[in-house]
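Here is what each chain is made of, one letter per residue.
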Amino acid sequence: MTGVWMELCPACDAHRPAACSLIQWHRDPGRDPKVLPKLFEDWGTEIMLAHGWVRTPQADTPPSPPADLRPRPTRKS
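All residue numbers here refer to positions counted from 1 along the written sequence of the relevant chain. Given that this is a predicted model, residues contribute local features only at a pLDDT of at least 70 and side-chain atom pairs are listed and counted only at 80 or more, while totals for whole chains, interfaces and linings are drawn from all residues. Each side-chain value is derived from all of the structure's non-hydrogen atoms; neither hydrogens nor water enter the calculation.

**Here we look at the packing of aromatic side chains**
This is how the line gets drawn: Any two of the Phe, Tyr and Trp rings considered here, Trp counted by its six-membered ring, make a pair once their centres fall within 6.5 Å; the pair's planes then place it as stacked at under 30 degrees, edge-to-face at over 60, or tilted in between. Over a ring means this: the NZ of a Lys or the CZ of an Arg is within 6 Å of the ring centre and within 35 degrees of the ring normal.
Taken as a whole and judged by the stated rule, the model has one aromatic pair. The ring centre of W25 lies 5.2 Å from the NZ or CZ of R31, which sits over that ring.

Laid out in structure tokens, this is it:
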């Protein structure tokens with residue numbers, strides 16, 4: 001893999017904006033679980049940037065063709 005270990009440390013990462021937001025979310029008893037994926041993605045991006053990596057945008061995938069729902073004849077043995 002990459003050799004980079006992602007570990008969130010409240011003492012070491014408090015100066016990093018995304019890490020700080022994730023730490024504050026974790027400590028908040030009224031936290032909203034719906035925001036966790038975005039917080040985690042921001043933190044991952046922050047870690048990647050610290051190591052000189054850049055997250056590239058994902059290409060839009062074309063929509064799947066419509067399913068063929070016509071009845072098919074069955075084979076008789």
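Let's pick the thread back up.
**Things to note about the side chain of E46**
Note the threshold: In DSSP terms, a helix is any run of H or I states spanning at least four residues, a strand is any run of E spanning at least two, and both are numbered starting from the N terminus. Three labels apply to residues, based on accessible area from a 1.4 Å probe with only protein chains included: buried if under 20% of the type maximum, exposed if over 50%, partly exposed otherwise in between. Under the counting rule used here, the positive set is Lys and Arg, the negative set is Asp and Glu, and His together with the chain ends is not counted. Think of a salt bridge as a Lys or Arg side-chain nitrogen and an Asp or Glu carboxyl oxygen that are within 4 Å of each other. Within 3.5 Å is the distance limit for a polar contact, defined as a pair of N or O atoms, with the added protein rule that one can donate a hydrogen and the other accept it, and that residues adjacent in sequence qualify only through two side-chain atoms. In what follows, residue pairs with any heavy atoms lying within 4.5 Å of each other are defined as contacts.
Looking at the secondary structure, you find E46 in helix α2 (residues 36-50). Buried charge E46 goes without a salt bridge, the closest partner of opposite sign being R16 at 5.2 Å. In terms of polar contacts, E46 uses its side chain to reach the backbone amide nitrogen of A18, at 2.8 Å. In contact with E46, not counting residues within four places along its chain, are R16, P17, A18 and A19.

**Concerning the nonpolar core**
Filter applied, for reference: Among buried residues, the Ala, Val, Leu, Ile, Met, Phe, Trp, Tyr and Cys ones that are joined through side-chain atoms within 4.5 Å form a nonpolar core.
One finds A18, A19, L22, W25, L39, W43 and I47 forming the largest nonpolar core, which totals seven residues. Within the residue set of this core, elements represented by two or more residues are α1 (17-27) and α2. Broken down by element, the residue count for this core peaks at four residues, all from α1. Sequence-distant contacts of A19, defined by excluding residues within four places in its chain, comprise L8, D13, W43 and E46.

**Focus on α1**
We count it as follows: The arc in question is formed by the directions pointing from the helix axis toward the C-beta atoms.
Residues of α1 that are buried: A18, A19, L22, I23 and W25. The buried residues of α1 occupy an angular sector of 160 degrees when projected down its axis, which confines them to one face. Facing away from the buried side of α1 by over 90 degrees, the exposed positions are P17, Q24 and R27. Residues of α1 that are buried make contact with α2.

**Some remarks on the packing of α1 against α2**
So the rule is basically this: The axes used here are C-alpha line fits, helices contributing only the stretch in contact, and every angle between their N-to-C directions lies in the interval 0 to 180 degrees. Two helices that cross are described as forming a left-handed crossing if the nearer one is turned anticlockwise from the farther one by less than a right angle, and a right-handed crossing if clockwise. In this classification, Asp, Glu, Lys and Arg are treated as charged, Ala, Val, Leu, Ile, Met, Phe, Trp, Tyr, Cys and Pro as nonpolar, and every other residue, Gly included, as polar.
Two elements in contact, α1 and α2, have axes separated by 8 Å at closest approach and are oriented at 145 degrees. Seen from above, α1 lies across α2 with left-handed handedness. Along its contact with α1, which presents P17, A18, A19, S21, L22 and W25, the element α2 presents L36, L39, F40, D42, W43 and E46. Class assignment for the residues of the contact of α1 with α2 results in nine nonpolar, one polar and two charged.

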